[in-house]
Each structure stands twice: as structure tokens, then as C-alpha cells.
Amino acid sequence: MATMSKMKAYSVPLFLFVLALFYQLLLLPRSFPPSHYDVLGIKRYTSIEQVKSAYDELYSKWNSGEEVPSTIDFLKTRYAYELLSHPLWKRNYDIYGFDEQLHVLDKVREQYGGESFSNIDLPLLDDAAIAFDHSDHAFNAITSENFRSMLNDSKPLLIQVYTDGSYRCAQFSNVWRRIVALLEGIANSGVVELSEIHLATYFAERKPTGQYFFRNGLPSLVAFPSWCKASHCMIRFEGELSVDSVTDWFATTILGLPRIFFYTKESVGKSFLAKSGPHKDLVSKKTIGSAKVCLRLYIFQVQNIQDRQLQSTKCVSFKSQVKVICFSKTGERATPFLRQISKDYWAYASFAFVLWREEESSFWWNTFEVDSAPAIVFLKDPGVKPIVYHGSFNNSWVSEIIEQNKQQELPQLRSLTSVELGCDARGYSRSGNDIKIWYCVILAGRQSSELSKMRETMRRVQELLSSEGDLDAPDVDQSLTQSAIAFKNKRLTFAWLDGEAQERYCSFYLYSETSFETCGPRRDLSDVPRLFIVRYKRNATAENIKVARKPKNIWDVWQDEEVDPASQLVVRYNGSNEILEIIKWVSEIIKDGDSNDLPFYRVKTPELVPEESEPIWSRGAQSILSKSIGIKDRIHNIMGKSYDYLGDPRIGPALLLAALMSFGTIWLVRSQPGRPRQSGQQSQSSTEDESRPKQRERPRNLSKKNRPPSITDVEPKDAYQMPLSDSETN
């Protein structure tokens, strides 16, 4: 029992002592394998002349027959000689432990097996140094002198650390050129050669022993985001060295750009065309049809084909944004520039990718008239023919066509587009600041089939006004030309308003007993889109005129001081949906508004409901694990970092010291003379029983001091001791 008690008491220091021995004898030697200098029998970091001298001495012994080495020993010695006699390879091995050709040793060992060393073809390594062509602009050499100036630039920075004479670096050169080309205009790039010792060690990792190294070898990629160029902000790429992986990592992690997802022909209708977003069509999930039916309905609307069965099917209307579909042959992810475009224009357009397959070419031709890839398709409205561009595109051209096609045929009036469309009393007309009077025709309503039909009508009105030849015909009323001239001079704008999303703005212009049929949430099945025109007028002499009404409170006074600069007059349309009737009505309003001296009425217009500052899918993309760094790579990196700490020679002595300290502490405590010793469970229980009453009396005695007296504590004045009788005593 005494032996078991001692073993239990000293179990912790014993465990630490065994762990220290295991670490020192087994783990630590594996972390420090013999170096190539040890193979040659010379000290580390010796000169190339000493390396050659040591190898010549060994080789002379082998040739003379004094010593006959095994094939494995000869290969190790020859490999060490060729590596350490090459200036670049020796420098990289001495400073960073870089040895990328170690696999050659295993390959030659398998090839020659047990043959004599004299039959092995030499040299083992190709000593032809491979250098980069620094004349190429992609290889912008970074030195200690110009590195600080690059950090001061506001653009993100991508740096490649490489070395001349490396086959991996040479093979990566073409990939690097492609990466730099894709990042042009978005980020700066440069390369650092290992000869720049200070910079190379700055970008290298460091072991607990203090040695600098590159965990995944060379080339090594590091990056700095635009908002921070300090050392703690440096991010290291640890994935596959391919164009797709590197650009995806840089765009997602460094630039914070959203991904543009790939879709198939089965998922493009349901997951992209009918996907909801900000200021989009809100339809109950019960009314959502299948993706194929909705896509087929879209095709029929483009081709102006009537199908009663499809028209009766309720599909989610297309998102109130321009749809941009990019067809790719390679399946590579979107370039960083295109991702930047999608982020800049997220409020105007949604982007998607489709992998082009020859077997699906007929489907895409019938749907969007796409006959080959690469191609870009713009879908603006159901019923409007897609705009298709074929061929390879550069960044400037893509920016230009996105800017040209960012709006729908009939643009939507939103907080981002109101000033641009000239439909804002705080701004000016589209023709410039000199125009005093301009007009905006607005179609308001909830998302419904009635609104879609009316939007199609208003698009035709725009098309007719933009084609001057149709209005110059003899059978056309000449009064219609008034609106055509205003539209051509950019004094007239057409737009549609989401009455459900912009309830306050819609009710402000259509305030009536029946405005609930157009504005606000859907209350019943009736959806009535309404058309109205707003006449804006700016008068420099009257811009400071206040609205003539008596303020009711301080809030009204504050509102009166911030009325819109331009006056507004609103006229609602109550006619038929005929195109010529609408044009005639608009022309009469313009003629009357330009010629007559109408009242100058200023008011504060409600603000349009703004979109989110950042789309949900953009924020969600940041939390998605980058595919460029797989789970295997992450586990490998974690294990590698753990292995670095296991190679720390300080761990073994620390464990041994902890074992000795814990042993001494336990021995000192157990050897104290006044320490009670255990004499069995019975003595322990008796000691506990004796101590319990004492512990119980203490609180009892303490509590009597403050306890109030009872009637039994005080002796009454007339009390006496009654004597006991003899019978009772017996």
C-alpha cells in the first residue's frame, strides 16, 4: 500500500520525465536529420572549395578500392557534392534550407538499385542555371530601395519570392505572367529574388530555432491589402500554384470581391433569372412554377409567341435588374476585373457564368442566340430581345458595354438612379443644369402581370419617340412631335416605380382613396398600375421661396427650410393604354407646361427607399472557404506548423525541468514533520467524527449572543422550588 501511495503521489513528475526522454531521444533527432554537410564529413557553411576537396578525398578512396561504398551512400554523397558546389543552390540551402531537387535522389536510388556506383550516370543534377527575364514588365523586380515606395501606393500588392536556378520557379513564370495580366489596373505586382537577403527574410517564415524557411518551397506568394501594408497584414498564399487558384484567392481574400457563380441550363432559370434581390419582384412561393416552365415562358415572350398554358402559369418575375450571363469555354472563375465590375454595378446588374458545351449549343441558340463561347448576354426585360456579344474581350471594352447596358429598356426609378434619370427635384434634367423645365413620366405599380403589360407599352412609347420617321408620317398627328422633341433633347424621361417597395414615394404622388391598389403591400388580388407625369421647374429668383403654409410645430418649420430646389406639378393619366393616346397626352402636358405660366409650387418629396450598402451575396461570399485552399492543404499546414514547434530543442529540457521541480515540490510537502499521516480508513473516520461536534458547536455558541431571549431564559419573580415528596423520591 505504501508503494502504491508513493507511485500515485509522484505520477505527474514521472510522466513528465518519461515524456522528456521520449522527446529528446526520438522526436528531436527526427527534426534535425543529417545535413548534406554531414554526409561529406565537413562543417556546416564551409566554402565551395572545401566541399570539392572533401568530395575528391572520398572519391579517391573509392576508386583506389580502399573503401567500397554502397549505392545509397554514393548517391547521397554525390547529391550533396553537386548541391553544395553550385553557388545558387548552396546559398538557398544555407540560408533557407531550400532543396527542391531532393526527389531526384529517390528517383535515382530506385533506378540503379544495387548496381555499382561506377555504373551510375553523372551528374545527378542539371547544373544549368535558369534565370528570369527581368525585361518582361510582369517581373517587376522589387529591391530594398523601391520596396518602401510600393508600400505607399494605395493599391493592393502581390509579391512573388523566387530564386534563379529553380525549375519550379521557371515553370511558374508563364502562370505568373497570366496572373499579372489579370490583375492589371486592380493591383500592383512584383518579384523578389533571394539575393535580396533583407526582403527575402522579411517574407520568409521563421522556425522556433530562428532559421528562416519557406514552408511550401519556392515560388512563394504573399500579398498586402490596400488598407494595410504592415507586416502583420501580410497574407501568405498556401494553395495550388495555378492561375485560377491564385486569382480566386487574391480576388476573394485580398480584394474582398464577390464570386460570380456558374450555372447549368437546368439551374439558370430557377437559381439566377428568377432569383429575388433588392427591389425585385415579390411573389409567394406557392405561385412559383418550375424553372423550365419559367425559362420557356421567357423565351416565348422574347419571340412574342402567345401560349395560354404558359401565361396561366405563375412564375416569379425576373429580378428588376439587368441580367448578365457570361459563357466560358474553360470553366475558369471570373477574373478579378469582372468581379470588380460586378461589385461596382451590383445595384444595376446581376452576373452569372455558364460553361459552354457543344452538345447544348442548340439550346443556347434558341434561348439567347448564342452560337459560340466566349460570349456575353444582356437580358433587360421579359419580352425584350437579348443583347449578345461574341469573342474575347479586354477590360476597357467590358467596362464600356456594361455602362451602356446597365439600365433596363424602361429604367427603374430608385435612389441610385433618380438623379441620373432626371426624376429628382433635388437634381437637374438629363440635358444639363441650364434647362429650367423638364418632365418625368412614371409608371407606378406592384409586381404583377398588369404592370408587366404596361411596362411593355411604355417601352414601345419610348421606341416610337426615339424613331423620328414614324412620327413624321402624314397620318400621324403633328401634336405628337412635342414629346418626341423633348425626348430627343433629354427633357423627357420614362421610368417605372415599384409601388410596393417605394410605398411612401408612390403614395405621395398618387394620394387618393384608391392609391392602395397601386402603392404599398398587396391587400387583395387587384393590382392597378398608374401612370403620371411630373413637371420640374427651377427658378433662380424663386428658389428661396418658402411653401406658403402655417407651420404647426417645430418639426414643420424644419421641414419647410429643406424643401426641394425645383418645383413640381403632377398630372395623372386617366386614358386608355393605347400608345398614341399616351404620346398625345404627354405632348399636351409638355406644351402646356412650357407655354403657360403655371404656379411655382415647391415641396419636400419623400426619400426613395435606398438599397443595401452591400449586397447579401457579396457579404456571404467572404465567409465561403476558398476552393483554392482545400481541406487537405489546411490540414497539411496545421500539421506543418505543429511539426515546427515539435522541433524546438527547448521543449525537452523544459519538460525535464518541470519533472524535477514537481518531484522536489511533492517530496518537500510529504517530508514535513507536522503532516498528518494516514493510518487507515477507520482512524480517518474517527477523526472526522470527533471534529464534527466541535464544528457544529461553534456556530451554535456564536448564534446565542445575538439571539433574543425567550420566556424560558428568564426566571419569573414569584417562582420557587417545589420540594419533592418521599414517594416521588423512592
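Residues numbered from 1 in each chain as written. Predicted model: local features only at pLDDT ≥ 70, side-chain atom pairs only at ≥ 80, totals over all residues. Heavy atoms only, no water.

Labelled according to an unreviewed UniProt entry, the chain appears under the name J domain-containing protein, originating from Dipteronia sinensis.

Draft legend 1. Focus on the environment of Pro336. Within the secondary structure, Pro336 sits in helix α15 (residues 336-344). Counting along the chain gives 86 residues from Pro336 to Phe250, while the straight-line C-alpha distance between them is 8.1 Å. (Helix = DSSP H or I, 4+ residues; strand = E, 2+ residues; numbered from the N terminus.)

Draft legend 2. View of helix α6 (residues 87-96). Within α6, seven of the ten residues are buried, leaving the element largely enclosed by the surrounding structure. Trp89, Lys90, Arg91, Asn92, Tyr93, Asp94 and Tyr96 are the residues of α6 that are buried. (Buried < 20%, exposed > 50% of the residue type's maximum accessible area, 1.4 Å probe, protein only.)

Draft legend 3. Expanded view of the side chain of Gln407. Residue placement: Gln407 occurs in the loop between α17 (395-404) and α18 (418-421). Residue contacts for Gln407: discarding those within four places in its chain leaves Val322, Tyr348, Lys380, Thr417, Glu420 and Leu421. (Contact = heavy atoms within 4.5 Å.)

Draft legend 4. Broad picture of the packing of helix α19 (residues 449-466) against helix α24 (residues 579-595). Remark: α19 packs on α24, axes separated minimally by 10 Å, with the N-to-C direction vectors making an angle of 65°. It follows from the interaxial angle that α19 and α24 lie roughly perpendicular. In this structure, the crossing between α19 and α24 has a hand that is right-handed. On α24, the residues that touch Met454, Thr457, Met458, Arg460, Val461, Leu464 and Leu465 of α19 are Ile579, Leu580, Ile582 and Ile583. A breakdown of the residues in the contact of α19 with α24 according to their chemical character gives nine nonpolar, one polar and one charged. (Axes fitted to C-alpha atoms, helices over the stretch in contact; angles between N-to-C directions. Parallel < 35°, antiparallel > 145°, perpendicular 65-115°, else oblique. Left-handed = near helix turned anticlockwise from the far one by under 90°. Nonpolar A, V, L, I, M, F, W, Y, C, P; charged D, E, K, R; others polar.)

Draft legend 5. Region of interest: the environment of Leu465. Along the chain, Leu465 falls in helix α19. Leu465 sits in the buried class, given a relative accessible area of 3%. Separated by 22 residues in sequence, Leu465 and Phe487 place their C-alpha atoms 6.9 Å apart.

Draft legend 6. Layout of the sheet that holds strand β15 (residues 567-572). The four strands lie next to each other as β13-β12-β14-β15, forming an open sheet whose pairing is mixed. Looking at the sheet topology across the chains shown, the edges are occupied by β13 (492-498) and β15. For this sheet, the mean inter-axis angle between neighbouring strands, taken without regard to orientation, is 25°. Bridge analysis of strand β12 (residues 437-445) against β13 gives seven bridges, and the strand direction is parallel. Residue pairing across strands places Gly445 opposite Asp498, the latter belonging to β13. (Pairing = 2+ DSSP bridges.)

Draft legend 7. Quick look at a nonpolar patch on the surface. A contiguous nonpolar surface patch, about 1100 Å² in accessible area, is contributed by Met7, Leu14, Phe15, Phe17, Val18, Leu19, Leu21, Phe22, Leu25, Leu26, Leu656 and Leu660. At the level of secondary structure, the elements contributing two or more residues to the nonpolar patch comprise α2 (11-31) and α27 (651-670). Ranked by the residues each element gives to the nonpolar patch, the list is headed by α2, at nine residues. Structurally, the position occupied by Leu25 is in helix α2. (Patch = residues over 30% accessible without salt bridge, like charges linked within 9 Å, V, L, I, M, F, W, Y side chains within 5 Å. Areas by Shrake-Rupley, 256 points an atom, 1.4 Å probe, with all protein chains shown as cover. Salt bridge = Lys/Arg side-chain N within 4 Å of Asp/Glu carboxyl O.)

Draft legend 8. Just unusual backbone geometry, in detail. Geometrically, the link from Leu122 to Pro123 is a cis peptide bond, its omega value of 0° lying close to zero. In this fold, Pro123 is placed in the loop between α7 (102-112) and α8 (147-151). In the segment running from Leu218 into Pro219, the intervening peptide bond is cis, with an omega of 5°. Positioned with a positive phi, Tyr45 is a non-glycine residue whose angle comes to about 70°. Summarising the element assignment, Tyr45 is placed in the loop between α3 (36-40) and α4 (48-64). Relative accessible area serves as the criterion here: at 52%, Tyr45 is assigned to the exposed category. Backbone geometry at Glu369 places phi at a positive 65°, although glycine is not the residue there.

Draft legend 9. Main features of empty space enclosed by the protein. All told, the structure shown has two cavities of 30 Å³ or more when counted by the stated rule. The volume enclosed by the largest cavity comes to roughly 80 Å³. Lining the largest cavity, in full, are Leu83, Trp89, Asn92, Phe98, Asp99, Glu100, Gln101, Thr163, Asp164, Gly165 and Ser166. When its volume is computed, the second largest cavity comes out at roughly 60 Å³. Lining the second largest cavity we find eleven residues, and of these Lys406, Gln407, Gln408, Gln412 and Arg414 sit closest to its centre. For the lining of the second largest cavity, the residue count by class is three nonpolar, six polar and two charged. (1 Å grid on protein atoms, 1.4 Å probe; cavity = no way out; pocket = protein on both sides within 12 Å on 5 of 7 lines; lining within 4 Å. Points joined across faces, edges and corners; volume = space filled by probe spheres on them.)

Draft legend 10. Quick peek at the pairing of strand β2 (residues 188-193). Buried residues dominate β2, accounting for five of its six residues. Between the parallel elements strand β1 (residues 157-162) and β2, the chain passes through helix α9 (residues 167-182) in a crossover that is right-handed. (Right-handed = clockwise from strand over helix to strand, strands pointing away.)

Draft legend 11. Inspection of the packing of α15 against α17 at higher detail. Orientation of α15 relative to α17, taken along the N-to-C sense of each, is 20°, at an axis distance of 11 Å. Taken together, the axes of α15 and α17 are roughly parallel relative to one another. Every pair of crossing elements has a handedness; the one defined by α15 and α17 is right-handed. Between α15, through Phe337, Leu338 and Ile341, and α17, the contact on the second element is made entirely by Asn395, Val398, Ser399 and Ile402. Residue classes in the contact of α15 with α17 are distributed as five nonpolar, two polar and no charged.

Draft legend 12. View of the side chain of Thr417. Take Thr417: it is sitting in the loop between α17 and α18. Each residue touching Thr417, except ones within four places of it in the same chain, is listed here: Tyr348, Gln407 and Gln412.

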